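# Structural overview
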Amino acid sequence: MRDTPKHQGLRNQLVQILISKGIKDQNILTAIAKIPRHLLLESAFEFHAYQDKAFPIAAGQTISQPYTVAFQTMLLQIQPGDKVLEIGTGSGYQAAVLHSLGANVYTIERIKELYLKAKQNLEKIGVRLKYAGYGDGYKGLPLYAPYDKIIVTAAAPYVPQALIEQLKPGGRIVIPVGDDMQEMKLIIKDNNGQITESSHGAFMFVPMLQNKE
Ligand code: SAH
């Protein structure tokens, strides 16, 4: 598969849809206009790639809806050079968006097949992450901790303690918490290590599961 002017046109339309749904951050919109999302999906979904929808990838998982990717990214308030940990690499699309904003991205995925495929696809589209690995997000990624920002892209039953510990003072975690529906939580650690939590609406993710598969 290739990236063509037709795909670019569809991406521009997607950006207009996201603007109409309230996404205002120009850097995020520029990233979405640039990243060839269709090259991170199975080729059968090529022309679904630029609808504002979640889609199946391998192993019963999904690529997050573009609106959700934009919304979580907005809550993170990425600054160029931020060290960001992502839990749930999936297709690699969210990681590509963070990378495009100038973040140094570390991402982990608990399903081997997906981790391998995402690595390959990201390389194909020229996105070089700091680290893409096979691991269990409940443990975080202590090897490279602490992080400025942490994003979880699967539904967590609670906020894993390891993630709070691996966050820098002044840092942010964005994580959907809940069972059937999740509430988007923003957790901020202040410079004294105090934690505050706020809620940002209902979303639906695949579950965050324990251990590697
Ligand atoms: N960010 C992805 C979204 C993928 S869906 C994208 O942009 O495409 C969520 C992913 O989280 C799935 O691939 C799932 O396997 C993974 N996941 C679930 N629990 C996990 C855990 N404990 N550790 C790491 N990844 C996990």
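Look above for the structure.
These lines cover the structure that appears in this document, whether it is placed above or below. (Residues numbered from 1 in each chain as written. Predicted model: local features only at pLDDT ≥ 70, side-chain atom pairs only at ≥ 80, totals over all residues. Heavy atoms only, no water.)

### Here we look at the site of the ligand
Worth spelling out the cut-off: Nearness of a residue to a molecule or strand requires only that one of the residue's heavy atoms be within 4 Å of it. By the criterion applied in these results, polar contacts are pairs of N or O atoms within 3.5 Å in which, for protein atoms, one can donate a hydrogen and the other can accept it, and in which residues neighboring in sequence qualify only through two side-chain atoms. Residue burial considers only the protein chains on display, and all accessible areas are found by Shrake-Rupley using a 1.4 Å probe. Each helix is a run of H or I in the DSSP string that is no shorter than four residues. Each strand is a run of E no shorter than two, and both are numbered from the N terminus. Only Asp, Glu, Lys and Arg are considered charged, only Ala, Val, Leu, Ile, Met, Phe, Trp, Tyr, Cys and Pro nonpolar, and every remaining residue, Gly among them, polar.
Close to the ligand lie 27 residues; Glu 86, Ser 91, Glu 109, Gly 137 and Leu 209 are nearest. In this structure, a nitrogen atom belonging to the ligand sits 2.9 Å away from a main-chain N or O atom of Gly 88. Contact distances for the ligand include 2.7 Å between a nitrogen atom and a backbone N or O atom of Gly 137. A total of 590 Å² of accessible area belongs to the ligand in isolation, and the protein chains cover 99% of it. Breaking the shell around the ligand down by element, the ones donating at least two residues are strand 2 (62-63), strand 3 (83-87), helix 4 (93-100) and strand 4 (104-109). Its residues assigned to classes, the shell around the ligand comprises twelve nonpolar, eleven polar and four charged.

### Brief notes about the pairing of strand 8 (residues 182-189)
Applied cut-off: The classification of residues rests on relative accessible area computed with a 1.4 Å probe and restricted to protein chains. Under 20% of the type maximum is buried, over 50% is exposed, and intermediate values are partly exposed. Following DSSP output, two strands are said to pair if at least two bridges run between them.
Of all eight residues in strand 8, six are buried, a share of seventy percent or more. The pairing of strand 7 (residues 167-177) with strand 8 spans six bridges and is antiparallel. Residue pairing across strands places Ile 175 opposite Lys 185, the latter belonging to strand 8. Once strand 7 ends, the chain turns through four residues before running back antiparallel as strand 8, passing Gly 178 with a positive phi of about 150 degrees. Relative to strand 9 (residues 195-203), strand 8 runs antiparallel, the two being bridged by seven bridges. Along strand 9, the bridge assignment pairs Ile 187 with Glu 197.

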